[in-house]
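# Coordinate inspection notes
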There are 2 protein chains.
Amino acid sequence: MEMLENAIKDRGTIIGDTIVKVDSFLNHEMDTALLYEIGQEFHRMFKGKPVTKIVTIEAGGIAPALMAGLAFNVPVVYAKKQKSLTMKGDVYSESVYSFTKQVYSNVTISKDRLSADDHVLIIDDFLANGEAAAGLINILKQAGATVAGIGIVIEKSFQPGRTRLEEKGIEVVSLARIAKISAGQIEFLKS
Amino acid sequence: MEMLENAIKDRGTIIGDTIVKVDSFLNHEMDTALLYEIGQEFHRMFKGKPVTKIVTIEAGGIAPALMAGLAFNVPVVYAKKQKSLTMKGDVYSESVYSFTKQVYSNVTISKDRLSADDHVLIIDDFLANGEAAAGLINILKQAGATVAGIGIVIEKSFQPGRTRLEEKGIEVVSLARIAKISAGQIEFLKS
């Protein structure tokens, strides 16, 4: 997605050889027009699938997932990283490691937010090692739901996330695929 | 906003006399069509103001803020409750108490995401004691930005948040105002 690749190149900040900070348009400040187009693009890529629900993980995934939900006209569920007082009772839960934050989070979805009839498109802002997506897949498996596919805004293709997910037989679509970050330059794969 | 009041009555779950759980349509599962209308309604209520940016707080505020950002065609910034590895450098920070989660969070916004030229509409999902909104106002004050107003999805009018904010001279618009929760029934104020 050219508009997104341009935003990453022009407005992202490279940190070392593995991190590109996109908090100027994606996960701190959010470019609403770009996110709207991201939602539309996910719809174009997955509209052949019978998607009944979109699932993501707080907080970075909420905006692209919501825009995809708007395009599909389906509800969006975001997994929480911390149980709140109002989240009593039965939840599906998985422990997920964040390399960016260097912490384990307990990722939870209330049981009454998922059903075995759901065909779920998983959306997230980043795919690197695939920890978050794998955790969500396990939660969907617990609910008996079908994974319709995984839509990622920015994939770090030099990390093993995509391979891990494809080995589970799941279709992964990433709107921008970073092949390499080196000497302050970003190289994209054709997606 | 009638559509919202109906959702609260029909799809919310009352817990005791102070909490209504809305995770079936607002802050866990999100009804995308309802959220779109919420964004439009915020735009109708504040379109007379020169809004350049919308600011909210993760995670519950992101969806209504994003939909308002779409309606205003302005960027949305969400304050983070935890510093991430990629969030180095100068940040504005305030300590905010959450009555729902019974914890203090350090709420932060990167300095380069706000400017003294910004006219900021604050959006949040709930207003109860006004802690989160007051924290965001202090952050905006640090940045020298102008607070254009505060838009709230659900106000608990029996708690002191609105009064605290209005005493600061700030316009508060809430799309649903809960006067009272009693014996499993919700009474709304006319907004």
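Rules of the game
Residue positions are given per chain, counting from 1 as you read along its sequence in written order. Note on labels: chains are lettered from A, ligands numbered from 1, in written order. Per-residue local features of the predicted model are confined to residues with pLDDT of at least 70, and side-chain atom pairs are confined, for both listing and counting, to 80 or more; whole-chain, interface and lining totals are unaffected and use all residues. The rule for pairing is simple: two strands pair if DSSP sees at least two bridges between them. Here a strand is any run of E in DSSP of at least two residues, a helix any run of H or I of at least four, and the numbering for each starts at the N terminus. Take the buried Ala, Val, Leu, Ile, Met, Phe, Trp, Tyr and Cys residues, join any whose C-beta atoms are within 7 Å, and the set you get is a nonpolar core. Around each residue's C-beta, the other C-beta atoms within 10 Å are counted; 20 or more make the residue buried, 12 or fewer make it exposed, and counts in between make it partly exposed. All C-beta atoms are placed from the backbone. Here the contact rule is simple: place C-beta atoms from the backbone, and any two residues whose C-beta atoms are within 7 Å are in contact. Axis definition: a line fit to C-alpha positions, over the contact stretch in the case of helices; interaxial angles, taken between N-to-C directions, run 0 to 180 degrees. Note on angle classes: values under 35 degrees are labelled roughly parallel, values over 145 roughly antiparallel, values of 65 to 115 roughly perpendicular, and the remainder oblique. Two helices crossing with the near one rotated counterclockwise from the far one by less than a right angle form a left-handed crossing, whereas a clockwise rotation gives a right-handed crossing. Any residue outside Ala, Val, Leu, Ile, Met, Phe, Trp, Tyr, Cys, Pro, Asp, Glu, Lys and Arg is labelled polar, Gly included; the first ten of those are nonpolar and the last four are charged. C-alpha atoms of residues with pLDDT of at least 70 in both copies form the basis for the least-squares superposition of the copies.

Below, the discussion takes up the pairing of strand E6 (residues 91-98) of chain B. Successive side chains on a regular strand alternate, one facing one side of the sheet and the next facing the other. Bridge analysis of E6(B) against strand E7 (residues 103-110) of chain B gives 8 bridges, and the strand direction is antiparallel. Across the sheet, residue B:Val96 finds its bridge partner in E7(B), namely B:Ser105.

This paragraph deals with the nonpolar core. Ranked by size, the top nonpolar core spans 118 residues in total, and within it A:Leu66, A:Leu136, B:Leu66 and B:Leu136 carry the most contacts. Filtering out sequence-adjacent residues up to four positions away, B:Leu136 remains in contact with B:Val55, B:Ile57, B:Ala79 and B:Ile122.

Residue placement: A:Asp31 occurs in the loop between strand E3 (29-30) and helix H2 (32-46). According to the C-beta neighbour criterion, A:Asp31 is buried, with 22 such atoms within 10 Å. Each C-alpha atom of the pair A:Asp31 and A:Ala63 lies 9.9 Å from the other, and the pair is 32 residues apart in sequence. Excluding residues that lie within four positions of it along the chain, A:Asp31 makes contacts with A:Ala7, A:Phe25 and B:Pro75.

Attention shifts here to the packing of helix H2 (residues 32-46) of chain B against helix H3 (residues 62-72) of chain B. All names here are of chain B. At a minimum axis distance of 7 Å, the contact between H2 and H3 shows a crossing angle of 55°. Relative to H3, the element H2 is oriented oblique. When you trace H2 past H3, the crossing you get is right-handed. Residues Leu35, Tyr36, Ile38, Gly39, Gln40, Phe42 and His43 of H2 form the contact with H3, whose participating residues are Ala63, Pro64, Met67, Ala68, Leu70, Ala71 and Phe72. Its residues assigned to classes, the contact of H2 with H3 comprises 11 nonpolar, 3 polar and no charged.

A word on the environment of A:Leu34. Residues and elements named next belong to chain A. Examined against the element boundaries, Leu34 turns out to sit in helix H2. Along the sequence, Leu34 and Ala7 sit 27 residues apart, while their C-alpha atoms lie 8.8 Å from each other. The residues touching Leu34, leaving out its near neighbours within four places in the chain, are Met3, Leu4, Ala7 and Phe25.

Now for the relation of the copies chain B and chain A. Superposition of chain B onto chain A requires a rotation of 180° combined with a translation of 0.0 Å along the rotation axis, giving an RMSD of 0.0 Å. In the structure described here, the two chain copies are related by an operation that fits a two-fold rotation axis. Of the C-alpha atoms belonging to chain B, the one lying closest to the rotation axis is found on B:Ala59, 2.8 Å away.

Turning our attention to the sheet that holds strand E9 (residues 146-156) of chain A. If you trace the 7 strands from one edge of the open sheet to the other, you get E11(A)-E10(A)-E9(A)-E8(A)-E4(A)-E5(A)-E3(B), paired in mixed fashion. Looking at which strands have only one partner, the edges of the open sheet turn out to be strand E11 (185-189) of chain A together with strand E3 (29-30) of chain B. Here 4 bridges tie strand E4 (residues 53-57) of chain A to strand E5 (residues 76-79) of chain A, and the two strands are oriented parallel to one another. By the bridge assignment for E5(A), A:Ile57 is matched with A:Ala79.

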